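# Examining the three-dimensional arrangement
In case you want the letters, here they are:
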Amino acid sequence: MMNHIAFFSTKAYDKRAFEPFLIQHQGALTCNYFEASLSPETASLAHGHDAVCTFVNDNICSDTLRALHAAGVKHVALRCAGFNQVDVETAKALNIAISRVPAYSPEAVAEHTIALILTLNRRLHKAYNRVREGNFSLDGLQGFTLHGKTVGIVGTGKIGLATIKILAGFGCNILCYDIAKNPEAEALGARYVDIPELLSSSHIVSLHCPLNEDTHHIINDDAIARMREKVMLINTSRGGLVDTHAIIQGLKKGKIGYLGLDVYEMESELFFRDLSDTIIQDDVFERLATFPNVLITGHQGFFTHEALEEIARVTVENLVHFSKGQLDGARRVV
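This text gives an overview of the structure that appears in the document. Residue positions are counted from 1 within each chain, in the order its sequence is given. A pLDDT threshold of at least 70 governs which residues receive local features in this predicted model, and a stricter bar of 80 or more applies before side-chain atom pairs are shown or counted, although totals over entire chains, interfaces and linings include all residues. Note that water and hydrogens are dropped before the side-chain values are worked out from all heavy atoms of the structure.

Turning our attention to the overall build of the protein. The way it works is that DSSP assigns letters per residue, a run of H or I at least four long becomes a helix, a run of E at least two long becomes a strand, and they are numbered from the N terminus. Helix and strand counts for the protein stand at 12 helices and 12 strands. Here the C-alpha radius of gyration of the protein, 21 Å, is about what a compact globule of 334 residues would show, namely 20 Å. Across its three principal directions, the C-alpha atoms of the protein cover 65 × 50 × 35 Å. Exposed residues in this analysis have more than 50% of their type's maximum accessible area, buried residues have under 20%, and partly exposed residues fall in between, with area computed by a 1.4 Å probe over protein chains only. When burial is assessed residue by residue, the protein has 49% of its 334 residues classed as buried. Any two residues whose heavy atoms approach within 4.5 Å are treated as being in contact. The long-range share in the protein, meaning contacts at least 24 apart out of those at least 6 apart in sequence, stands at 68%. For the protein, the accessible surface area stands at approximately 16100 Å², while carbon and sulfur atoms represent 50% of it. The convention is simple: Lys and Arg are positive, Asp and Glu are negative, and His and the chain ends are not counted. Positions of charges follow a simple convention, taking NZ of Lys, CZ of Arg, CG of Asp or CD of Glu. Charged side chains of the protein number 31 positive and 38 negative; the gap between the two group centres comes to 5 Å. Both definitions apply: the radius of gyration is a C-alpha atom measure, and the globule rule equals 2.2 Å times residues to the power 0.38. Each accessible area value is a Shrake-Rupley result obtained with a 1.4 Å probe; residue values ignore everything except the protein chains displayed when judging cover.

Right, dumping it as structure tokens:
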């Protein structure tokens, strides 16, 4: 039986990654690609399709799911790990299956985390521009030695653990916070503490937890007040973990000495598109970007050849398994 798939938020690199795996199942799956993101307004594009394939910033709210249900869609295949963008209860009520890619390449995001840390610390982005302009002065480029510093890791799943492994190689002291301890993290010398101790003791705080009701704005005014002076804060997980207004105040007061973000709370209006010829209307983001000690990348932590290949492979497997009535296990959310 042929299953028809509507891909939303599609970029050229998505097609390149997916096509080799789709060719292997060309008798079972046919695909239509849409550049538009999935929302209540665009869900009608899925009419006549059995499933949709979506990305991290697609809006899979109750209204979207009802529109998909009316269009005959029975499966939403997320080509990402997180599913905070999905109204899970509505999906259950409508009997729409939700699948995901639970662990596509934790090392990719972990390595990007370290890239942000090193770039901010050693001012590599500023040094690069200086040298290109013939300025070889070292004034203003002084960093600190990472060896021996205390790093707090919030969330010790696959990505958090991969980050810990790298930081252990740098000789860092590692503190962790999570609702469940990871024995592999402890075997690397990491020590679990409560969140107040982690915040007050860490030179660097790095976020690697999912976004849910308990973790929404886990970094807020109170959390920042507990942190060390001139702390480095890194977020490569989900934008909603951080209260952006609070970190702006922390930056203005000098409490936050370095900020590295690969995600942003309102990124769905900005990221994954070229806005270089437009006037960005998000005043909060624009204010954040003015600070000289802030480094923002556009949700590219996952963006490696290996990660895209794994995302494509697992997503296509999920689509095929669902078409055969075999979708089950850790990859299934609903």
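With that out of the way, let us pick up the packing of helix α4 (residues 106-122) against helix α6 (residues 158-169). A packed helix pair is summarised by two numbers, namely the angle formed by the two axes and the spacing between the axes. Following both chains from N to C, one finds α4 and α6 inclined at 50°, their axes separated by 8 Å at the closest point. Judged by the inter-axis angle, α4 sits oblique to α6. The hand of the α4/α6 crossing is right-handed. Contacts between α4 and α6 involve P106, E107, V109, A110, E111, T113 and I114 from the former and K158, I159, A162, T163, I166 and L167 from the latter. Gly counts as polar in this scheme, as do all residues outside two lists: the nonpolar Ala, Val, Leu, Ile, Met, Phe, Trp, Tyr, Cys and Pro, and the charged Asp, Glu, Lys and Arg. Each residue belonging to the contact of α4 with α6 can be placed in one class, and the counts come to 8 nonpolar, 2 polar and 3 charged. Axis definition: a line fit to C-alpha positions, over the contact stretch in the case of helices; interaxial angles, taken between N-to-C directions, run 0 to 180 degrees. Relative orientations are named as follows: roughly parallel for angles under 35 degrees, roughly antiparallel for angles over 145 degrees, roughly perpendicular for angles from 65 to 115 degrees, and oblique for any other angle. If you view the pair so one helix is near and one far, a crossing is left-handed when the near helix is turned anticlockwise from the far one by less than a right angle, and right-handed when it is turned clockwise.

Let us now look at the sheet that holds strand β7 (residues 173-177). Two strands qualify as a pair provided DSSP detects at least 2 bridges between them. Pairing is parallel in the open sheet, where 7 strands are placed in the order β8-β7-β6-β9-β10-β11-β12. Every other strand in the sheet has two partners, leaving β8 (191-192) and β12 (294-296) as the edge strands with one partner each.

So, on to the environment of A97. Here A97 lies in strand β5 (residues 97-99). Measuring from C-alpha to C-alpha, the distance between A97 and H75 comes to 4.6 Å, with 22 residues separating the pair along the chain.

Looking now at the environment of I248. The topology assignment puts I248 in helix α10 (residues 244-252). A relative accessible area of 9% means that I248 is categorised as buried. Here the alpha-carbon distance between I248 and R287, two residues 39 residues apart in the chain, equals 8.0 Å. With residues up to four places along the chain from it excluded, the contact list for I248 reads V284, R287, L288 and F291.

Here we take up the nonpolar core. V52, L65, L68, V76 and I98 are the most contacted members of the largest nonpolar core, which has 46 residues in total. For this core, the leading source of residues is helix α12 (residues 305-323), giving 8 residues. Excluding anything up to four places from it in sequence, I98 contacts V76, L78, V86, A91, R331, R332, V333 and V334. Buried Ala, Val, Leu, Ile, Met, Phe, Trp, Tyr and Cys residues form a nonpolar core when they are joined through side-chain atoms within 4.5 Å.

Within the secondary structure, T297 is located in the loop between β12 and α12. Since its relative accessible area comes to 14%, T297 is described here as buried. Engagement of the side chain of T297 in a polar contact is seen with the side chain of D262, the distance being 2.6 Å. Apart from residues no more than four positions distant in its own chain, T297 is found in contact with H112, L116, L261, D262, V263 and F271. As used in this structure description, the phrase polar contact means that two N or O atoms lie within 3.5 Å; if the pair is within protein, one of them must be able to donate a hydrogen and the other to accept it, and residues adjacent in sequence are counted only when both atoms belong to side chains.

A separate point is the pattern of salt bridges. Between Lys or Arg on one side and Asp or Glu on the other, a salt bridge is scored when a side-chain nitrogen of the former is within 4 Å of a carboxyl oxygen of the latter. Within the structure shown, the criterion is met by 7 salt bridges. With its nearest N and O atoms 2.7 Å apart, the salt bridge here joins E310 to R313. Here E310 pairs with R313, and both are found in helix α12, just 3 residues apart, close to one helical turn. Among the residues examined, E310 registers a relative accessible area of 22% and is labelled partly exposed. Note that R331 is salt-bridged to E317, the shortest N-O span being 2.8 Å. Here R331, found in the segment after α12, pairs with E317, found in helix α12; they are 14 residues apart in sequence, far enough to count as distant. Assessed through its relative accessible area of 22%, R331 is described here as partly exposed.

Right, let's talk about the packing of aromatic side chains for a bit. Within 6.5 Å between ring centres, the rings of Phe, Tyr and Trp (the latter by its six-membered ring) count as paired, and their orientation is classed by plane angle as stacked under 30 degrees, edge-to-face over 60, tilted in between. Counted by the stated rule, this structure contains 10 aromatic pairs. Geometrically, the ring pair formed by F7 and Y33 is tilted, given 5.1 Å between the ring centres and 50° between the ring planes. In this pair, F7 is assigned in strand β1 (residues 3-7) and Y33 in strand β2 (residues 29-33), connecting sequence segments 26 residues apart. Given a relative accessible area of 0%, F7 falls into the buried group. In this structure an aromatic cluster arises from ring pairing among Y13, F55, F272, F302 and F303.

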